[in-house]
Amino acid sequence: MKFSVKTLVSIALLSSLSAVLFMLEIPIVMFYKLDLSNLPVLLGSFAFGPVAGLIIAFIKDLLGLLHSSTGGIGELADFLAVLPFVLICGHMYRAHKTKKVALLSMLISTLAASVVSVLLNAYLLIPLLIPSNGLQVVANSASKIFPFISNGLQFLLLITLPFNLLKGFVVSGLTFVVYKKISVFLTKESAS
């Protein structure tokens, strides 16, 4: 896929903004933090398609390695968790550029990304960070704050899933509000 110079500049700007937003985290619950770094990823996916979204997410997570507290595991999980947004929104919106399709693609992406995040936490993230019975260790820690959590499945369904749904809806909502206002600047080719 070939990108124009203007598109490459837009991708670079969105990547930089995404990397900065990745460092600005709002603690929500336990080790889960809300950041808006996927807003530029989603904007790029809508404006230029899924390949651009993948590039923006990759650059963001690559730069995130510079300040990683998880040895790259968090960045890998972040990249994998944003894939449903990039692929679903990027493809659906490229095929039909309507508000209805944009909303539907973000709803589907939020649900898919939330399920992916639960699976990533269960089978990749937590086991890599805490190799010995990690999910139960995290559940035990969570039970000190939330007494109704007694096992890993409850932690995943009652903490991980709602957090990722919240994150997806926040990023999707902001994207919906912002995209049309800035898309003209992102996609407008300069007259030569």
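Structure: above.
Residues numbered from 1 in each chain as written. Predicted model: local features only at pLDDT ≥ 70, side-chain atom pairs only at ≥ 80, totals over all residues. Heavy atoms only, no water.

> Before we go on, may I ask you to explain the overall build of the chain in this structure?
The secondary structure content of the chain amounts to seven helices and two strands. Reading the chain from its N terminus to its C terminus gives the helix and strand order α-β-β-α-α-α-α-α-α. At 17 Å, the chain has a C-alpha radius of gyration in line with the 16 Å of a compact globule built from 192 residues. Here the C-alpha coordinates of the chain stretch approximately 65 × 35 × 25 Å along the principal axes. Counting only residues that meet the buried cut, the chain has 44% of its 192 residues in that class. Within the chain, residue pairs in contact and separated by at least 24 positions form 66% of the contacts whose partners lie at least 6 positions apart. Entry remark: accessible area of the chain is about 10000 Å², with carbon and sulfur atoms responsible for 73%. Distance between charge centres in the chain, computed from 13 positive and 6 negative side chains, equals 13 Å. (Helix = DSSP H or I, 4+ residues; strand = E, 2+ residues; numbered from the N terminus. Rg over C-alpha atoms; globule rule 2.2 N^0.38 Å. Buried < 20%, exposed > 50% of the residue type's maximum accessible area, 1.4 Å probe, protein only. Contact = heavy atoms within 4.5 Å. Areas by Shrake-Rupley, 256 points an atom, 1.4 Å probe, with all protein chains shown as cover. Lys, Arg positive; Asp, Glu negative; His and termini not counted. Charge placed at Lys NZ, Arg CZ, Asp CG, Glu CD.)

> Please clarify how the nonpolar core should be interpreted in this entry.
It is characteristic of soluble globular proteins that their nonpolar side chains tend to be buried jointly. The biggest cluster of nonpolar side chains holds 24 residues, and the ones touching the most others in it are Leu-42, Phe-46 and Phe-48. Contributing elements (two or more residues each) for this core: α1 (5–23), α2 (38–48), α3 (50–64), α4 (73–95), α5 (99–129) and α7 (152–187). Ranked by residues supplied to this core, first place goes to α2 with seven residues. Beyond its immediate sequence surroundings of up to four residues, Phe-46 is in contact with Cys-89, Tyr-93, Ala-102, Ser-105, Met-106, Thr-175 and Tyr-179. Core analysis: the second largest hydrophobic core is formed by 15 residues, Val-29, Tyr-32, Ile-126 and Ile-159 among them. (Core = buried A, V, L, I, M, F, W, Y, C linked by side-chain atoms within 4.5 Å.)

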